[in-house]
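What the coordinates show
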Amino acid sequence: MTSFTGRVAVVTGGTRGIGRAVAARFEAAGAAVVTLARTEPARGVGRFIAADLGSREAVRAAFATIAAEFGHVDVLVNNAGGARPGAALDYSEAAARAAFDLNVLGALYAAQCVHPLTPAHGGAAIVNIGSVAATRPSPGTAVYAAAKAALASLTKSLALEWAPRIRVNCVVPGPVLTESLTAYYGGPEAAALIGRGLPMGRMAEPVDIANACLFLASDEARQISGAELVVHGGGEPPGFNRVAHVERTVDPAGG
């Protein structure tokens, strides 16, 4: 696998769950890592910069700091995401706009900001974190699923427009064993039971998604762009999902 020594990797939502695992994986591979999120964690990875990823102004300010400190960016992982579960019939305008601001527009803003910081000769990579929800209807996740479907489409469009300077791909997780997903399904025992029902016999762990991101950003994937890499343990049996609890705010993919 490619060494990332001398390269700069930016991970949005990189302070917990999948994002933190992605940041740690790139750091272990030698990259200088920058994580962007609203709140600084007690134990973070790399250089932390506070930013509201749903705000264009905040994203621009964060990347101005990155440009001043690092001068260039080689990898962007758009991991920040999530949405409030709820029935489509009475989903509020504010919640819907917030979902698209974070999952779609936030990724676009970050990609726009990173473009001029990448090497003009090529070799840079953007990896977006999608969700199987984009193609799998599930009660209570209509808006989240629509946002992730839009992100998948954005991935393909950017891959076309920005080649060969930047490769753009999407990792599509199924259920990932994070704290948020464990809470979503009602606790560790319920999450473990669901994991045993998957063809692989277990849920993915955050590092499984991180490894997929590392591969797509590496030179070994130099001819892969506009692709969706599904990491879902072989798929899900019928009846896997239960109706989401509307009082919880959660990213079902664990990002």
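Read on for an overview of the structure. (Residues numbered from 1 in each chain as written. Predicted model: local features only at pLDDT ≥ 70, side-chain atom pairs only at ≥ 80, totals over all residues. Heavy atoms only, no water.)

A short note on the overall build of the protein chain
Short version of the rule: Strands are runs of DSSP state E lasting at least two residues, helices are runs of H or I lasting at least four, and both sets are numbered from the N terminus onward. The globule rule used for comparison is 2.2 Å times the number of residues to the exponent 0.38, while the radius of gyration itself is calculated over C-alpha atoms.
Looking only at helices and strands, one finds seven helices and seven strands in the protein chain. The helix and strand sequence of the protein chain, counted from the amino end, reads β-α-β-β-α-β-α-β-α-β-α-α-α-β. The globule rule puts the C-alpha radius of gyration for 255 residues at 18 Å, and the 17 Å found for the protein chain is close to it. Seen through its principal axes, the protein chain has C-alpha atoms that stretch 50 × 40 × 40 Å.

Remarks on the packing of helix H1 (residues 17–28) against helix H7 (residues 206–217)
A pair of packed helices is characterised by two quantities: the angle between their axes and the separation of those axes. We count it as follows: In this analysis, axes come from line fits to C-alpha atoms, helices being fitted only over the stretch in contact, and the angle between any two N-to-C directions falls in the range 0 to 180 degrees. Roughly parallel here means an angle under 35 degrees, roughly antiparallel means over 145, roughly perpendicular means 65 to 115, and every remaining angle is called oblique. Less than a right angle of anticlockwise turn of the near helix away from the far helix marks a crossing as left-handed, whereas a clockwise turn marks it as right-handed. The contact definition used throughout considers only heavy atoms, calling two residues in contact when any of these lie within 4.5 Å. Following the grouping adopted for this structure description, the nonpolar residues are Ala, Val, Leu, Ile, Met, Phe, Trp, Tyr, Cys and Pro, the charged ones are Asp, Glu, Lys and Arg, and the polar ones are all others, Gly among them.
With their axes 8 Å apart at the nearest point, H1 and H7 run at an angle of 50 degrees to one another. The pairing of H1 with H7 is recorded here as oblique in orientation. Handedness of the H1/H7 crossing: right-handed. Here Gly17, Ile18, Ala21, Val22, Arg25 and Phe26 of H1 come into contact with H7, specifically with Pro206, Val207, Ile209, Ala210, Asn211, Cys213, Leu214 and Ala217. Grouping the constituent residues of the contact of H1 with H7 by class yields 11 nonpolar, two polar and one charged.

Focus: the nonpolar core
This is how it is decided: Definition used in this section: a nonpolar core is a set of buried Ala, Val, Leu, Ile, Met, Phe, Trp, Tyr and Cys residues joined via side-chain atoms within 4.5 Å. In this scheme, a residue with accessible area under 20% of its type's maximum is buried, one over 50% is exposed, and one in between is partly exposed, where area comes from a 1.4 Å probe on protein chains only.
Judged by nonpolar contacts, the single largest core of 30 residues is most densely connected at Val10, Leu36, Phe63, Ile66, Leu76 and Ile126. No other element matches helix H3 (residues 93–114), which puts six residues into this core. Residue contacts for Ile126: discarding those within four places in its chain leaves Leu76, Asn78, Ala111, Val114, Trp162, Ile166, Arg167, Val168 and Asn169. Within the second largest apolar cluster, 28 residues are counted, among which are Ala9, Phe26, Ala125 and Val127.

Re the side chain of Thr35
Looking at the secondary structure, you find Thr35 in strand S2 (residues 32–37). Note on Thr35: relative accessible area 1%, which makes it buried. Once residues within four sequence positions are removed from consideration, Thr35 is found in contact with Val11, Gly14, Thr15, Ala23, Val45, Arg47, Phe48 and Ile49.

A short note on the side chain of Thr12
Rules: N or O atoms within 3.5 Å of each other form a polar contact, as long as, within protein, one can give a hydrogen and the other can take it, and as long as residues adjacent in sequence are counted only when both atoms are side-chain atoms.
Inspection of the secondary structure assignment puts Thr12 in strand S1 (residues 8–12). Owing to a relative accessible area of 3%, Thr12 belongs among the buried residues under this scheme. There is a polar contact of 3.0 Å between the side chain of Thr12 and the backbone nitrogen of Ala80. Discounting residues that sit within four places of it in the chain, Thr12 has contacts with Leu36, Leu53, Leu76, Val77, Asn78, Asn79 and Ala80.

Topic: the pattern of salt bridges
Keep this limit in mind: Note on definitions: salt bridges are taken to be side-chain nitrogens of Lys or Arg within 4 Å of carboxyl oxygens of Asp or Glu.
A complete count under the given rule lists six salt bridges for this structure. For Arg47, the salt bridge identified is with Glu69, shortest N-O distance 2.6 Å. You can see Arg47 sitting in strand S3 (residues 47–50) and its partner Glu69 sitting in helix H2 (residues 56–70), a full 22 residues away along the chain. Look at Arg47 and you get partly exposed, because its relative accessible area is 31%. A salt bridge links Glu228 to Lys156, with the shortest nitrogen-to-oxygen separation between them at 2.5 Å. One end of the pair, Glu228, is in strand S7 (residues 228–231); the other, Lys156, is in helix H4 (residues 142–162), and 72 residues separate them in sequence. Residue Glu228 is classed as partly exposed on the basis of its relative accessible area, which comes to 40%. By relative accessible area, which is 38% here, Lys156 ends up partly exposed.

Concerning the sheet that holds strand S4 (residues 75–78)
Filter applied, for reference: Whether two strands pair comes down to DSSP finding at least two bridges between them.
Pairing within the open sheet is parallel, and its seven strands lie in the order S3-S2-S1-S4-S5-S6-S7. This sheet does not close on itself; its edge strands, each paired only once, are S3 and S7. Between one strand and the next, the sheet's axes are offset by a mean angle of 20 degrees, whatever the strand orientation. Bridge count for strand S5 (residues 124–129) against strand S6 (residues 166–173) is six bridges, and the pairing is parallel. For Ala124, the partnering residue across the bridge sits in S6 and is Ile166.

Comments concerning the layout of surface pockets
As a reminder, the rule being used: Using a 1 Å grid laid over the protein atoms alone, points where a 1.4 Å probe fits but cannot get out form a cavity; open sets with protein on both sides within 12 Å along at least 5 of 7 lines form a pocket; any residue with an atom within 4 Å of a point counts as lining. Grid points are joined across faces, edges and corners, and a volume is the space filled by probe spheres set on the points.
Reported here for the second largest pocket is a volume of approximately 160 Å³. For the second largest pocket, the full set of lining residues is Arg16, Gly17, Leu177, Thr178, Glu179, Ser180 and Pro206.

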